[in-house]
Amino acid sequence: MTMTLPYAEPLVPREPGERVIPEPPRRGEPGGPPCGICGGGITGAVWSDDNWTLHPPVGGSLPGAVWLASRVHVDSLSGLPEPLQADFGRVAARVERAILSLGDVARVHLYRWGDGGAHFHVWFIPRPLGMVEASGMMLPLWEDVLPNVPDEELAAAAERVAAAM
Ligand SMILES: [Zn+2]
């Protein structure tokens, strides 16, 4: 078994759409909706320090998934002051180790998309042990297709991650 799309074959390739330039403003950038992270319209942090906050997802299918946000509103890694860029590596390692400690996790994937909001945040998604079809870029697709688990279960798993930080 190798990585596989969570859809039955055959899928039909299609052409990309017309490019949208300028792109629509994202949350938290000029002309866009307010930043949800700065505005507090997000799940409460299960862990935090002077630089970072760690949050559970809502409407997800993989308990143990969390997202880490900078306290400062910057768009991406390149916008962070250098000490915070370095500190991200330290904290990301702690988050990865904490998620792995939950057990039944093969690997922890990190995703920094940045297409929805302009406030730096990174997803940490556990690939379930043995779920090799969800390897690599397939994991977020499987995460989307699998049935959601209750938000309370996602929050409880995130609390266990926080406790292991
Ligand atoms: Zn923000």
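Residue numbers here run from 1 along each chain, matching the order of that chain's written sequence. Predicted model: local features are reported for residues with pLDDT of at least 70 only, side-chain atom pairs are reported and counted for 80 or more only, and whole-chain, interface and lining totals are derived from all residues. Where side-chain values are given, they derive from all heavy atoms of the structure, hydrogens and water being excluded.

Engineer: Break down the coordination of the zinc ion for me, with residues and values.
Structural biologist: Coordinating donors are taken to be N, O and S atoms lying within 2.8 Å of the metal, or within 3.2 Å when the metal is Na, K or Ca; because water is excluded from the atom set, some sites may appear incomplete. Every protein donor of the zinc ion is listed here as Cys 35 (SG), Cys 38 (SG), His 73 (ND1) and His 119 (ND1), and their distances to the metal cover 2.0 to 2.3 Å. Within one chain, the residues donating to the zinc ion are spaced in sequence as C-x2-C-x34-H-x45-H. Here Cys 35 is found in the segment before helix H1 (36-39), whereas its partner His 119 is found in the loop between strand E4 (105-111) and strand E5 (121-128), with 84 residues between them in sequence. We call a residue buried when its accessible area falls under 20% of the maximum for its residue type, exposed when it is over 50%, and partly exposed in between, using a 1.4 Å probe and counting protein chains only. The class of Cys 35 is buried, set by a relative accessible area of 12%. Counting from the N terminus, the helices are DSSP H or I runs at least four residues long and the strands are E runs at least two residues long.

Engineer: Report on the packing of aromatic side chains, specifying residues and quantitative values.
Structural biologist: Side-chain rings of Phe, Tyr and Trp, where Trp is taken by its six-membered ring, are said to pair if the distance between their centres is within 6.5 Å; with planes under 30 degrees apart they count as stacked, over 60 as edge-to-face, and otherwise as tilted. Within the structure shown, the criterion is met by five aromatic pairs. Consider the rings of Trp 67 and Trp 123, whose centres lie 6.3 Å apart with planes at 45°: the pair is tilted. With Trp 67 in strand E3 (residues 66-70) and Trp 123 in strand E5, the pair connects residues that are 56 residues apart, well separated along the chain. Here Trp 67 falls in the buried class, since its relative accessible area comes to 8%. Joined through ring pairs, the aromatic side chains of Trp 52, Phe 88 and Phe 120 make up one cluster.

Engineer: Which residues make up the pattern of salt bridges, and what are the values?
Structural biologist: Criterion for a salt bridge: a side-chain nitrogen of Lys or Arg within 4 Å of a carboxyl oxygen of Asp or Glu. Applying the stated criterion to the full structure yields five salt bridges. A salt bridge links Arg 112 to Asp 75; the shortest N-O distance between them is 3.6 Å. Here Arg 112 is found in the loop between E4 and E5, whereas its partner Asp 75 is found in the loop between E3 and helix H2 (82-100), with 37 residues between them in sequence. Classification of Arg 112 as partly exposed rests on a relative accessible area of 34%. A salt bridge links Arg 90 to Asp 87; the shortest N-O distance between them is 2.6 Å. In this pair, Arg 90 and Asp 87 both sit in helix H2, three residues apart, roughly one turn of the helix.

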